[in-house]
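In case you want the letters, here they are:
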Amino acid sequence: MTSISNKAAWVDEPQQPCVKYMPFPKRPYRLVLLGAPGVGKGTQADLLCQELLTCHLSTGEVFRAIKDSDREKTAAQKEALAYIKRGELVPDEIVIDMVRERSDCFVCEYGFILDGFPRTLPQAAALRTMLGEVDVALDAVITYELPKEVIVDRLSGRRMCSNCRTNYHIEYKPPLQDGVCDRCAGPLVQREDDRPESVVVRLEEYQESTEPLIQYYRKAGLLMQISAMGDPQSVFRKTMGMLERLPSVVGS
Ligand code: AMP
């Protein structure tokens, strides 16, 4: 099966033309992934994208691409990067504008997986409006759950390819060769916001800003709660089992 987890389409340019892959998915899934930093959302998003032939839309990846880019940064981009460095959430207006620039992805016939957006109630309301404007409904909002101690352990060992942005873990998902990406041979690095001082702030931010979304999407009848304990493949199989039982489009 062709891998379409090349995140560049959303990261590089808002209007980047999307490469169309064959075959068409059996049905397009339109999903949001929630879960504290470190639960393995990014890994699950990669696996789901390959299986469902869907694009992975990650606001965190867009910010990291902006940080790594040689282009002159706008004032809003510089402001956003300062928040990220401290482990804090970027202000809603900046994130919402950035997603709006990329809203063509919401009408893609391959569906989409949003990872890291929305993260606050105002962002969820903005997403609802954006989807309403193009008459698209979410199929499900998946929340991955893990105890805090396990999260801290996972984050401290996480490494990311600075080229293609594939995630690894020094213990649970090591690369074949130390410090080198299996996919593209790029160098593996620790994310700036995975340092212990940023991790504590991020977990607090998650509890305060993002947990209310769980209630919001539960009320909307879209929430799918999944334990992220165990290896990535078993979490993925659980997720697919639940997705396959979903009726087509249940609400937005
Ligand atoms: P992530 O890769 O999703 O963990 O995102 C990395 C960092 O980017 C977060 O800790 C935030 O500082 C920032 N960020 C990403 N997405 C959002 C969002 N939807 N709202 C606010 N900040 C965000």
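A brief structural summary. Keep in mind it's a predicted model, so treat the numbers as computed, not measured. (Residues numbered from 1 in each chain as written. Predicted model: local features only at pLDDT ≥ 70, side-chain atom pairs only at ≥ 80, totals over all residues. Heavy atoms only, no water.)

Per the stated rule, a full pass over the model turns up twelve salt bridges. Arg-102 is paired through a salt bridge with Glu-101; the nearest N and O atoms lie 3.5 Å apart. Looking at Arg-102, the relative accessible area reads 5%, which means it is buried. The closest approach of N and O atoms between Asp-193 and Arg-191, which form a salt bridge, is 3.1 Å. Residue Arg-191 is classed as buried on the basis of its relative accessible area, which comes to 11%. Overlapping salt bridges bring together Arg-158, Arg-191, Asp-193, Asp-194 and Arg-202 as one network. (Salt bridge = Lys/Arg side-chain N within 4 Å of Asp/Glu carboxyl O. Buried < 20%, exposed > 50% of the residue type's maximum accessible area, 1.4 Å probe, protein only.)

All right, on to the sheet that holds strand E4 (residues 140-145) then. Taken in spatial order, the five strands line up as E2-E3-E1-E4-E8 in an open sheet, and their pairing is parallel. Each edge of the open sheet is held by one strand with a lone partner, namely strand E2 (55-58) and strand E8 (223-227). In this sheet, neighbouring strand axes are inclined to one another by 25° on average, regardless of whether the strands run parallel or antiparallel. Bridge analysis of E4 against E8 gives five bridges, and the strand direction is parallel. Paired with Thr-143 across the two strands is Gln-225, which belongs to E8. The sheet contacts of helix H3 (residues 59-68) involve E2 and strand E3 (111-115), and relative to E2 the element is tilted by about 70°. Running at roughly 155° to E8, helix H9 (residues 232-244) makes contact with strand E1 (29-34), E4 and E8 of the sheet. (Pairing = 2+ DSSP bridges. Helix = DSSP H or I, 4+ residues; strand = E, 2+ residues; numbered from the N terminus. Axes fitted to C-alpha atoms, helices over the stretch in contact; angles between N-to-C directions. Contact = heavy atoms within 4.5 Å.)

Cis geometry is found at the peptide bond from Phe-117 to Pro-118, where omega equals 0°. The backbone phi angle of Arg-165 is positive, close to 70°, even though this residue is not glycine. Its place among the elements puts Arg-165 in the loop between strand E5 (158-161) and strand E6 (167-169). With relative accessibility at 9%, the residue Arg-165 sits in the buried group. The backbone of Ala-185 sits at a positive phi, close to 65°, despite the residue not being glycine.

Considering all chains together, one arrives at two aromatic pairs under this definition. Aromatic pair Tyr-216 and Tyr-217: ring centres 4.9 Å apart, planes at 90°, arrangement edge-to-face. Judged by its relative accessible area of 28%, Tyr-216 is partly exposed. In this arrangement the basic side chain of Arg-86 is found over the ring face of Tyr-83, its NZ or CZ atom lying 5.0 Å from the centre. When the ring centre of Tyr-168 is taken as origin, the NZ or CZ atom of Lys-173, which lies over that ring, is 5.3 Å away. (Phe/Tyr/Trp six-rings, centres within 6.5 Å; stacked < 30°, edge-to-face > 60°. Lys NZ or Arg CZ within 6 Å of the ring centre and 35° of its normal.)

Taken together, 16 residues are adjacent to the ligand, and Thr-59, Arg-64, Glu-88, Gly-116 and Gln-123 come closest. Note that a nitrogen atom of the ligand is positioned 2.8 Å from one of the side-chain N or O atoms of Thr-59. Bound to the protein, the ligand loses 96% of the 480 Å² it would expose on its own. Each residue belonging to the shell around the ligand can be placed in one class, and the counts come to six nonpolar, four polar and six charged. (Near = heavy atom within 4 Å. Polar contact = N/O pair within 3.5 Å; in protein donor to acceptor, adjacent residues only side chain to side chain. Areas by Shrake-Rupley, 256 points an atom, 1.4 Å probe, with all protein chains shown as cover. Nonpolar A, V, L, I, M, F, W, Y, C, P; charged D, E, K, R; others polar.)

Attention now goes to the packing of H3 against helix H4 (residues 75-86). Axis separation between H3 and H4 bottoms out at 10 Å; the angle between their running directions is 110°. Here H4 runs roughly perpendicular to H3, going by the angle between their axes. The crossing of H3 and H4 is left-handed. Note on element contacts: H4 touches H3 through Gln-77, Ala-80, Leu-81 and Ile-84, opposite Phe-63, Ile-66 and Lys-67. Residues belonging to the contact of H3 with H4 are distributed by class as follows: five nonpolar, one polar and one charged. (Parallel < 35°, antiparallel > 145°, perpendicular 65-115°, else oblique. Left-handed = near helix turned anticlockwise from the far one by under 90°.)

With that settled, the discussion passes to the pairing of E2. On E2, burial covers both faces: Cys-55 and Leu-57 on one face and His-56 and Ser-58 on the other are all buried. Taken together, the four bridges between E2 and E3 define a ladder with parallel strand orientation. In the strand pairing of E3, Leu-57 is matched with Leu-114.

A separate point is H3. Within H3, seven of the ten residues are buried, which leaves the element mostly enclosed by the surrounding structure. Buried within H3 are the following residues: Thr-59, Glu-61, Val-62, Phe-63, Arg-64, Ala-65 and Ile-66.

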